[in-house]
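These are the residues of each chain, in order.
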Amino acid sequence: SRLKEAIQLLEDYKHGTLPPGVTNKELWGAQKIKQAIIHPDTNEKIFMPFRMSGYVPFGTPIVVGLLLPNQTLGSTIFWQWLNQSHNAGVNYANRNATKPSPTSKFFLGYTGAVISAVSIAVGLNVLVQRANKFTPSTRLLIQRFVPFPAVASANVCNVVLMRHSELEEGIDVLDSSGQIVGSSRIAAKHALLETALTRVVLPMPILVLPPIIMSVLEKTSLLRSYPRLVLPVHSLVCLAAFGLALPLAISLFPQMSEVSNNPAYSWTFA
């Protein structure tokens, strides 16, 4: 109901029929609600767990699971699979929808991401366990950083496999007035590169900072005396890192990017 009210308010503003007494703050609030829920290309509601506004509350439990110490082979596979399942849903729900894409490409990206994440995580864990020159405490610390390269590489794999057809077909480009003027492979290349970079930057503070912070906190007298507090504290640290990292990663690039139409830049229409 709040979404319908927000959309109606924005429509009234667009057509100059705003009710008296509506403030700028209310208009910006309506815009925020719409942008958080509605896909900019399809104008349809995005399923809550796959919205960017739902990424932190739905993703934090997965991050906590990824960073749990003393992971077994089964738990490593499970958390990597669950993380990539969530990421695939987020990528698909927030995809560039100006060009239709078959569902098979979604499953191709999902499968590739899961395979790459699981294989890298399991492989690195095996290598760390076989490194006899490391002490048990050092080995445990290194293992905590294993999820990052696994997740980052899988995220890139997911994006490339799901959206590689855009490199061949191009994506719609708009002029300054918002009218579609053609389909560009160069624009698609920029979009894919920026998305892939974002997917690498996003897990960096989430999967790197908590292990460092927890390695320090676990040595404090409080957590040594009350080991049951480790998991709640770990969860709060992951939540804080996630909440800070998400807006930073998303703000790296604008939602609508610009590309030059200068002939010297080899502007290419598909």
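Everything numeric in this text was worked out from a predicted model, so none of it was measured. (Residues numbered from 1 in each chain as written. Predicted model: local features only at pLDDT ≥ 70, side-chain atom pairs only at ≥ 80, totals over all residues. Heavy atoms only, no water.)

## Overview of the UniProt feature "transmembrane region" (unreviewed entry) in the protein chain
Basically, it comes down to this: UniProt positions are given in the numbering used here, feature names are shortened, and annotations may be inferred rather than shown by experiment. Each helix is a run of DSSP H or I of at least 4 residues and each strand a run of E of at least 2, with the numbering of both proceeding from the N terminus.
This chain's UniProt record puts "transmembrane region" (unreviewed entry) on residues 55–82, 107–128, 140–161, 200–217 and 229–253. As a span, residues 140–161 carries 91% helix and 0% strand, and end to end its C-alpha atoms are 33 Å apart. Here residues 229–253 runs as 84% helix and 0% strand, with 38 Å between its end C-alpha atoms.

## Concerning the packing of helix α5 (residues 103–130) against helix α6 (residues 136–144)
The condition is simple: Between the N-to-C directions of two axes lies an angle of 0 to 180 degrees, each axis being a line fitted to C-alpha atoms and, for a helix, fitted only over the stretch in contact. Our angle categories are set so that under 35 degrees counts as roughly parallel, over 145 as roughly antiparallel, 65 to 115 as roughly perpendicular, and the remainder as oblique. It is the rotation of the near helix from the far one that decides the hand of a crossing: anticlockwise by less than a right angle makes it left-handed, clockwise makes it right-handed. Pairs of residues are marked as contacts when any of their non-hydrogen atoms sit within 4.5 Å. Gly counts as polar in this scheme, as do all residues outside two lists: the nonpolar Ala, Val, Leu, Ile, Met, Phe, Trp, Tyr, Cys and Pro, and the charged Asp, Glu, Lys and Arg.
Relative to each other, α5 and α6 sit at 170°, their axes nearing to 10 Å. Considering the angle they form, α5 stands roughly antiparallel to α6. Of the two possible hands of crossing, α5 and α6 adopt the one that is right-handed. Judged by residue contacts, Asn125, Val128 and Gln129 of α5 engage Arg139, Ile142 and Gln143 from α6. For the contact of α5 with α6, the per-class residue count stands at two nonpolar, three polar and one charged.

## As for the pattern of salt bridges
Our working definition: Here, a salt bridge means any side-chain nitrogen of Lys or Arg that lies within 4 Å of a carboxyl oxygen of Asp or Glu. Relative accessibility decides the category of a residue: with a 1.4 Å probe and only protein chains considered, values under 20% of the type maximum give buried, values over 50% give exposed, and everything between is partly exposed.
Summed over all chains, the structure comprises one salt bridge. Among the ionic pairs, Arg144 bridges to Glu218, the shortest N-O distance being 2.5 Å. Residue Arg144 is found in helix α6, and its partner Glu218 is found in the loop between α10 (203–217) and α11 (221–225); the two are separated by 74 residues along the sequence. Residue Arg144 is classed as buried on the basis of its relative accessible area, which comes to 8%.

## Quick look at unusual backbone geometry
Phi angles above zero are rare outside glycine, and Asn43 is one such case at about 60°. Considering the arrangement of structural elements, one finds Asn43 in the loop between α2 (24–37) and α3 (55–66). By relative accessible area, Asn43 is classed as exposed at 55%.

## With respect to the packing of aromatic side chains
The cut-off we apply is this: To pair, rings of Phe, Tyr and Trp, with the six-membered ring standing in for Trp, must have centres within 6.5 Å; the planes then decide the type, stacked if under 30 degrees apart, edge-to-face if over 60, and tilted in the middle.
Applying the stated criterion to the full structure yields four aromatic pairs. Centre to centre, the rings of Phe78 and Trp79 are 5.1 Å apart; their planes meet at 75°, and the pair counts as edge-to-face. Members of the aromatic cluster, joined through ring pairs, are Phe78, Trp79 and Trp81.

## Observations regarding helix α1 (residues 2–14)
The criterion, for reference: Working rule for helices: expected span equals 1.5 Å times residues minus one.
With 13 residues, α1 ought to run about 18 Å at 1.5 Å a step, and its terminal C-alpha atoms sit 18 Å apart, in line with that. Turning to α1, its buried residues are Leu3, Ala6, Leu9, Leu10 and Asp12. Of the surrounding elements, those touching the buried residues of α1 are α2. Two residues or fewer past α1, Gly16 is found with a positive phi of approximately 70°.

## Some points on α3
Counted at 1.5 Å a residue, the expected span for α3 with its twelve residues is 16 Å, and the 16 Å between its end C-alpha atoms agrees. For α3, the tally of buried residues reaches nine of twelve residues, placing the bulk of the element in the interior. For α3, every residue scored as buried is listed here: Tyr55, Val56, Gly59, Thr60, Ile62, Val63, Val64, Gly65 and Leu66.

## Quick word on a nonpolar patch on the surface
How we decide: A patch consists of residues whose relative accessible area exceeds 30% and which take part in no salt bridge; residues with like charges are grouped when within 9 Å of each other, and nonpolar side chains (Val, Leu, Ile, Met, Phe, Trp, Tyr) when within 5 Å. The Shrake-Rupley method, run with a 1.4 Å probe, gives the accessible areas here. Residue values count only the displayed protein chains as cover.
Together, Leu174, Ile180 and Met256 make up an exposed nonpolar region whose accessible area comes to about 330 Å². Counting through the fold element by element, Leu174 comes out in strand β1 (residues 171–174).

## Points about the pairing of β1
Note the cut-off: For two strands to count as paired, DSSP must find a minimum of two bridges between them.
Sheet topology places β1 next to strand β2 (residues 180–184); four bridges connect them, and they run antiparallel. Across the sheet, Asp172 pairs through a bridge with Ser183, a residue of β2. Hairpin geometry of β1 and β2 is characterised by an intervening segment of five residues between the two adjacent antiparallel strands and by a positive phi of about 85° at Gly178.

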